[in-house]
Amino acid sequence: MSAPPAVFRGFANPVDPTPNELRTWAYAPDSVPLTAMPPDWDLLVSGDRLIATLFDLAMDTSCPARRFAMHCLYIYAADAIRTGFKAHPRRKLRKLVEEAEEEGDEQMAIWAHNTRVLLARPQLFDYHDWCEGGLVRHSRRLQ
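Residues numbered from 1 in each chain as written. Predicted model: local features only at pLDDT ≥ 70, side-chain atom pairs only at ≥ 80, totals over all residues. Heavy atoms only, no water.

### Observations regarding the packing of aromatic side chains
All chains considered together, the criterion is met by 7 aromatic pairs. Between the aromatic rings of W25 and F68, the centroid separation amounts to 5.5 Å while the plane-to-plane angle is 80°, which identifies the pairing as edge-to-face. One end of the pair, W25, is in helix 1 (residues 19-26); the other, F68, is in helix 4 (residues 66-82), and 43 residues separate them in sequence. Each member of the pair, W25 together with F68, is buried. Through successive ring pairs, a cluster of aromatic residues spans F11, W25, W41 and F68. One cation-aromatic arrangement involves R82 over F125; the distance from NZ or CZ to the ring centre is 3.9 Å. (Phe/Tyr/Trp six-rings, centres within 6.5 Å; stacked < 30°, edge-to-face > 60°. Helix = DSSP H or I, 4+ residues; strand = E, 2+ residues; numbered from the N terminus. Buried < 20%, exposed > 50% of the residue type's maximum accessible area, 1.4 Å probe, protein only. Lys NZ or Arg CZ within 6 Å of the ring centre and 35° of its normal.)

### Some points on the side chain of T53
Mapped onto the elements of the fold, T53 is located in helix 3 (residues 48-59). The class for T53 is buried, based on a relative accessible area of 5%.

### Describing helix 1
Regarding helix 1, the residues found buried are E21, L22, T24, W25 and A26. Those residues of helix 1 that are buried are in contact with helix 2 (41-45), helix 3 and helix 4. (Contact = heavy atoms within 4.5 Å.)

### Re the state of the cysteines
Under the defined criterion, the tally for this structure stands at 0 disulfides. A disulfide-free cysteine, C72 has its sulfur positioned 11 Å from the sulfur of C131, the nearest such atom. (Disulfide = S-S within 2.5 Å.)

Structure representation (structure tokens):
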């Protein structure tokens, strides 16, 4: 995957960015710092419409916003599982997990493992870990 041009002038609508805007921002994240985004922007972009883009960004070890993309994957997985797949389709999450296991690096493999653990034992959900970035900042395999 090649990086998009590093020139990014902002989002037309930061609450509802396009996949291309998100991808371009991810390769120049200092152009619009996270602190300038709307509150809970991570929760806003972690939906079905942008998950493929976020997944691609998380798979790219050279992406400057990779940690943010990983964080969004954790939010997406937790949201899907905790709502009994009412928020996001089981099939889509399963496909992402399988691709992460087959083609991802260690960080993606850990995300896939943790997602499978949460699927098997939803009571292990911890808001701080899954929705506030705990599992990204302190990467570990859940038991």
